[in-house]
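Residue strings, one per chain:
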Amino acid sequence: MALPKDEKPERISEAEHAVMEVLWERSPLTATEVCDVVCEQRDWSLATVKTLLSRLVAKQAAATTPDGRRFLYSPAIERTAYTGAESRRLVDRLFGGRAAPLFAQLAEAEALSEDDLAEMEALLKELRK
């Protein structure tokens with residue numbers, strides 16, 4: 001499920017990400033079971049979920065296993081691999097590859113709580129060891 005170090009997972013849409021979150025939480029699942037989790041809250045139909053699952057399979061983000069006349073879906077990439085690649089893309093695209101301006105932007109926008117700051121300080125201390 002992990003990607004080679006130099007390979008980045010293909011970008012997935014916000015809607016596809018919602019489906020991936022369900023698969024990362026519990027899988028394998030049928031399309032109907034995925035729909036049971038996301039359809040009502042997002043006002044989607046089963047057909048929409050099946051389309052999103054097909055796209056995720058085509059992007060190699062999800063995998064299928066035959067189960068009688070239906071398929072079971074599982075994530076083909078780890079959440080950490082995907083979020084790591086997306087975080088890197090964000091920093092590269094918006095901040096020239098430097099993370100410090102991202103944190104400065106968040107601080108200026110008052111988007112960081114005291115808990116966030118404490119957590120980042122602890123992480124920095126750990127990274128410096």
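Note that this is a predicted model, so its numbers are computed, not measured.

(A) Layout of the overall build of the protein chain. Scanning the protein chain from terminus to terminus reveals six helices and two strands. In sequence order, the protein chain lays out its α and β elements as α-α-α-β-β-α-α-α. The C-alpha extent of the protein chain, read off along each of the three principal axes, is 55 × 35 × 25 Å. Buried residues in the protein chain amount to 27% of all 129 residues. At a minimum sequence separation of 6, the contacts of the protein chain that also span at least 24 residues come to 54%. Total accessible area on the protein chain is roughly 8,900 Å²; 50% of this is exposed by carbon and sulfur atoms. Placing the 18 positive and 23 negative side-chain charges of the protein chain at their respective mean positions leaves the two points 5 Å apart.

(B) Focus on the layout of surface pockets. Here the largest pocket is characterised by a volume of approximately 200 Å³. Lining the largest pocket we find Phe103, Asp116, Glu119, Met120, Leu123, Leu124 and Leu127. Top contributing element to the lining of the largest pocket by residue count: helix H6 (residues 114–128), with six residues. Grouping the amino acids of the lining of the largest pocket by side-chain chemistry returns five nonpolar, no polar and two charged.

Cut-offs used in this document
Residues numbered from 1 in each chain as written. Predicted model: local features only at pLDDT ≥ 70, side-chain atom pairs only at ≥ 80, totals over all residues. Heavy atoms only, no water. Helix = DSSP H or I, 4+ residues; strand = E, 2+ residues; numbered from the N terminus. Buried < 20%, exposed > 50% of the residue type's maximum accessible area, 1.4 Å probe, protein only. Contact = heavy atoms within 4.5 Å. Areas by Shrake-Rupley, 256 points an atom, 1.4 Å probe, with all protein chains shown as cover. Lys, Arg positive; Asp, Glu negative; His and termini not counted. Charge placed at Lys NZ, Arg CZ, Asp CG, Glu CD. 1 Å grid on protein atoms, 1.4 Å probe; cavity = no way out; pocket = protein on both sides within 12 Å on 5 of 7 lines; lining within 4 Å. Points joined across faces, edges and corners; volume = space filled by probe spheres on them. Nonpolar A, V, L, I, M, F, W, Y, C, P; charged D, E, K, R; others polar.

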